[in-house]
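As a plain string of letters, each chain reads:
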Amino acid sequence: MNDTLKTIASRFSCRAFTDQAPTDEQLDAVAMAALAAPSAMNRQPWRVVVVKDKALLDEMDAEGIRIISEYDDKSMYERMRSRGGKMFYNAPSMVLVLSDGSDYAALDCGILTQNVALAAESLGLASVICGMARLAFQGGKAAYFTEKLRIPEGFTFGMSVLIGHAAAPGAPHLPDKSKLSVIC
């Protein structure tokens, strides 16, 4: 198996990070992998924001937890509480993927997101793709976070990837071959 396939096979969704931040060189490499993602007609309908400000991440996390604590269905809130009460699992950094909302932007931002997760794994970092970060842009502090993250006009949350060092080893999910069809 080559290095790329080993990286794909070993990546897991980390839900417990240490306080150790990735190096600037590692985050730069991840950011460049993000920007290398293909897109429909090479439109690149994204902006990528690398967030290294742990205090800002903690504010976003707290706002998201506050919002889900107010849901009528408490199951998501209870799930987060059972995992330490942190939506971002103490991650020291985030790659925020912004979308211009154009045709194919969701697909293109998804491809970029996978590049980020695989690049992090290839550098010995842990990651988890995190759609929950969208909550920071839905509550009463949305304008505040939009300004702090310098989100350009016309762009909205697309996806995020939390990146850091795993607090404990993790295991990738096992591929479900029942989801595969081969037509000859």
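Residues numbered from 1 in each chain as written. Predicted model: local features only at pLDDT ≥ 70, side-chain atom pairs only at ≥ 80, totals over all residues. Heavy atoms only, no water.

(A) Quick look at unusual backbone geometry. In this model, Tyr89 sits at a positive phi of 55°, which is unusual for a non-glycine residue. Phi at Arg150 is positive, roughly 50°, even though this residue is not glycine. Position of Arg150 relative to the elements: it lies in the loop between helix H6 (142-148) and strand E4 (156-164). On the basis of relative accessibility, which here comes to 72%, the residue Arg150 falls in the exposed class. (Helix = DSSP H or I, 4+ residues; strand = E, 2+ residues; numbered from the N terminus. Buried < 20%, exposed > 50% of the residue type's maximum accessible area, 1.4 Å probe, protein only.)

(B) The arrangement of the nonpolar core in detail. Counting residues in each nonpolar core, the largest one holds 33 residues, and the members touching the most others are Met60, Phe88, Met94, Leu96, Phe137, Leu149 and Leu162. Element by element, the count of residues in this core is highest for helix H3 (residues 54-69), at six residues. If we ignore the near neighbours within four places in the chain, the residues touching Phe88 are Phe17, Leu57, Met60, Asp61, Met94, Cys130, Ala133 and Leu162. Ala34, Trp46, Leu112 and Leu125 belong to the second largest nonpolar core, which has 14 residues in total. (Core = buried A, V, L, I, M, F, W, Y, C linked by side-chain atoms within 4.5 Å. Contact = heavy atoms within 4.5 Å.)

(C) Looking closely at a nonpolar patch on the surface. A contiguous nonpolar patch, built from Met41, Tyr104, Leu107 and Ile111 and spanning about 430 Å² of accessible area, is present on the exposed surface. Relative to the helices and strands, Ile111 is located in helix H5 (residues 105-122). On the accessibility criterion, Ile111 (31% relative accessible area) is partly exposed. (Patch = residues over 30% accessible without salt bridge, like charges linked within 9 Å, V, L, I, M, F, W, Y side chains within 5 Å. Areas by Shrake-Rupley, 256 points an atom, 1.4 Å probe, with all protein chains shown as cover. Salt bridge = Lys/Arg side-chain N within 4 Å of Asp/Glu carboxyl O.)

(D) Geometry of the sheet that holds E4. Taking strand neighbours across the sheet as the criterion, the four strands line up as E1-E2-E4-E3 in an open arrangement whose pairing is antiparallel. Only two strands of the sheet have a single partner each, and these edge strands are strand E1 (46-51) and strand E3 (126-129). Across the sheet, the mean angle from the axis of one strand to that of its neighbour is 20°, orientation sign disregarded. Of the pairings in the sheet, the one linking E3 to E4 comprises four bridges and is antiparallel in character. Across the sheet, Ser127 pairs through a bridge with Ile163, a residue of E4. Strands E1, strand E2 (93-99) and E4 of the sheet are contacted by helix H2 (residues 24-35), whose axis makes an angle of about 170° with E1. The strands touched by H5 are E1, E2, E3 and E4; relative to E2, the strand with the most contacts, the crossing angle is about 160°. (Pairing = 2+ DSSP bridges. Axes fitted to C-alpha atoms, helices over the stretch in contact; angles between N-to-C directions.)

(E) Quick peek at the pattern of salt bridges. A complete count under the given rule lists six salt bridges for this structure. The closest approach of N and O atoms between Asp58 and Lys54, which form a salt bridge, is 2.7 Å. Here the residue Asp58 and the residue Lys54 both occupy positions in helix H3, the gap between them amounting to four residues, near one helical turn. Exposure remark for Lys54: the relative accessible area of 24% places this residue in the partly exposed category. Each member of the salt-bridge network shares a partner with another, and the members are Glu63, Arg66 and Glu70.

(F) Expanded view of the pairing of E4. Summarising the sheet, E2 and E4 pair through seven bridges and their orientation is antiparallel. In the sheet register, Val97 faces E4, and the bridge partner there is Met159.

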